[in-house]
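Fold and geometry: a report
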Amino acid sequence: MAIDVLPWLLKGKEREEYDLLNDVDNIDMFSIREVFYVICCLLGIIGTRVAFNSMISPWAGKRARARNISQREMNKVLEEIWVLIGNTVTLSLAVYVMLYENNGCWFGNTAPCLVGWPNHSVNPAVLLYYTIEFAWYIHLLLKKPLGYGEPDGKDMKMHHVASLLLLFLSKAFNLTRGGILVLTLFSISNPALHAAKICNQMAPAVRVPMFIVFSALFMVTRVIMVPFIILRMSIFESVKLIPYAVKDFMVPFIAFNVLLVLLYVMQIQWMWAIIKVLKKSATEGASAAAELSTKLDPSKRFASTNEEKKRE
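Residues numbered from 1 in each chain as written. Predicted model: local features only at pLDDT ≥ 70, side-chain atom pairs only at ≥ 80, totals over all residues. Heavy atoms only, no water.

Topic: the packing of aromatic side chains
According to the stated counting rule, one finds nine aromatic pairs in the structure shown. Note on W117 and F249: the rings are 6.0 Å apart at their centroids and 90° apart in plane angle, and the pair reads as edge-to-face. Here the residue W117 occupies a position in the loop between α3 (71–100) and α4 (124–141), and F249 occupies one in the loop between α10 (243–248) and α11 (250–284), the gap between them amounting to 132 residues. We note that W117, like F249, is buried. Geometrically, the ring pair formed by Y129 and Y130 is edge-to-face, given 6.1 Å between the ring centres and 80° between the ring planes. Owing to a relative accessible area of 0%, Y129 belongs among the buried residues under this scheme. Each residue in the set F52, W82 and W136 is aromatic and connected to the rest through ring pairs, giving one cluster. (Phe/Tyr/Trp six-rings, centres within 6.5 Å; stacked < 30°, edge-to-face > 60°. Helix = DSSP H or I, 4+ residues; strand = E, 2+ residues; numbered from the N terminus. Buried < 20%, exposed > 50% of the residue type's maximum accessible area, 1.4 Å probe, protein only.)

The structure is reproduced here in structure tokens:
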């Protein structure tokens, strides 16, 4: 049993490009088996998180007392360590899948992401990556109700929901090749972000260099590369390579691109906030920059500054 979204969308549309769809593998959204795999992966991630908490908590308590840090602040650091580990694993898998299992679709050549749509078979490695990503983002949303992690702010929850929506829609429309591209590009700066947050609390001497590394990665991947790779592919290459699909699905085409442009505008806003922090660091020092970054952090989850710790 499976939910076949794409055949339903194409029903009544007579084009030779759609005739081979029945011969394409792994495009159902979702089969009972795939849902079962997501649930199993979710339970595995949650179980690993509980074990992580159990093993790290004694060390964290000692470190908190040694550095005169409140337990809540130390819990935030542990949260960043866990997310850093998870993001590093998912980014590594995303890069591998993009380079070796995505049918030639990568940053340097986006044409294979679109050519031949919708007749794109989905490789098992892509299914594995999507399964892990679905489970990872669902586990982040369940932290508060199940009590195994620090709750995220509203902005971060919106990010998790948006990521799940991207995963769902790219699978439903059999656009996993482009989905892999988008998810990989937007994930590259994430490990550096969480490493910078950890350094802000635990290693003040390197927090500015680490934040500069994050800022450079964010600028290159989310500000410079997005319009030349993602938006160019979605807005211009799609019209050139799959004009029949754009004509048949004009409303979804416009909606997808409006959302992508809005997402890019959000990256510009965040980059401007990052520039403010860097400017503050250069003119007033690292402590002042850390305080400003706490106010501007879009995730609302940056480790507290020394000034905030004194007020606790």
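Structural notes on the pattern of salt bridges
With the rule as written, the count across this model stands at five salt bridges. Measuring nitrogen to oxygen at the nearest pair gives 3.9 Å for the salt bridge that ties K171 to E34. Here K171, found in helix α6 (residues 154–172), pairs with E34, found in helix α2 (residues 32–66); they are 137 residues apart in sequence, far enough to count as distant. For K171, a relative accessible area of 2% gives the class buried. Residue K143 is joined to E79 by a salt bridge in which the shortest nitrogen-to-oxygen separation is 2.7 Å. Placement of K143 in helix α5 (residues 143–146) and of E79 in helix α3 is noted, with a sequence separation of 64 residues between them. (Salt bridge = Lys/Arg side-chain N within 4 Å of Asp/Glu carboxyl O.)

Brief notes about the side chain of T176
Residue placement: T176 occurs in helix α7 (residues 176–187). Among residues more than four places away in sequence, those in contact with T176 are N102, V122, V126, Y130, S170 and K171. (Contact = heavy atoms within 4.5 Å.)

Side note on the nonpolar core
Counting 61 residues, the largest nonpolar core has L181 and I230 as its most contacted members. I230 has contacts with L181, V182, L185, M225 and L260, leaving out every residue within four places of it along the chain. In this structure, A64, M74, V77 and L78 belong to the second largest nonpolar core, which totals eight residues. (Core = buried A, V, L, I, M, F, W, Y, C linked by side-chain atoms within 4.5 Å.)

Looking at the confidence of the model for the protein
Averaged over all residues, the pLDDT of the protein is 84; the fraction at 70 or higher stands at 84%. Low pLDDT (under 50) marks residues 298–312, which in the prediction has 41 contacts with non-local residues, meaning those over four places away or in another chain. (pLDDT = per-residue confidence, 0-100.)

Focus: the environment of D248
Following the sequence through the fold, D248 ends up in helix α10. Overall, the relative accessible area of 22% leaves D248 in the partly exposed class. C-alpha separation for the pair D248 and L9, spaced 239 residues apart in sequence, amounts to 9.9 Å. Apart from the residues lying within four places of it in its own chain, the contact partners of D248 are K13, R15 and Y18.

Remarks on the state of the cysteines
Evaluation of the coordinates by the stated rule reveals one disulfide. Take C40: it sits in no disulfide, and the sulfur closest to it among the cysteines is that of C41, at 8.7 Å. For C40, a relative accessible area of 37% corresponds to the partly exposed category. (Disulfide = S-S within 2.5 Å.)

Some points on the packing of α4 against α7
Interaxial distance between α4 and α7 falls to 11 Å at its minimum, and their mutual angle equals 50°. Taken as axis vectors, α4 and α7 run oblique relative to one another. For the pair α4 and α7, the crossing hand works out as left-handed. Facing α4, whose interface residues are V126, Y129 and Y130, α7 presents T176, G179, I180 and L183. Looking at side-chain class alone, the contact of α4 with α7 contains five nonpolar, two polar and no charged residues. (Axes fitted to C-alpha atoms, helices over the stretch in contact; angles between N-to-C directions. Parallel < 35°, antiparallel > 145°, perpendicular 65-115°, else oblique. Left-handed = near helix turned anticlockwise from the far one by under 90°. Nonpolar A, V, L, I, M, F, W, Y, C, P; charged D, E, K, R; others polar.)

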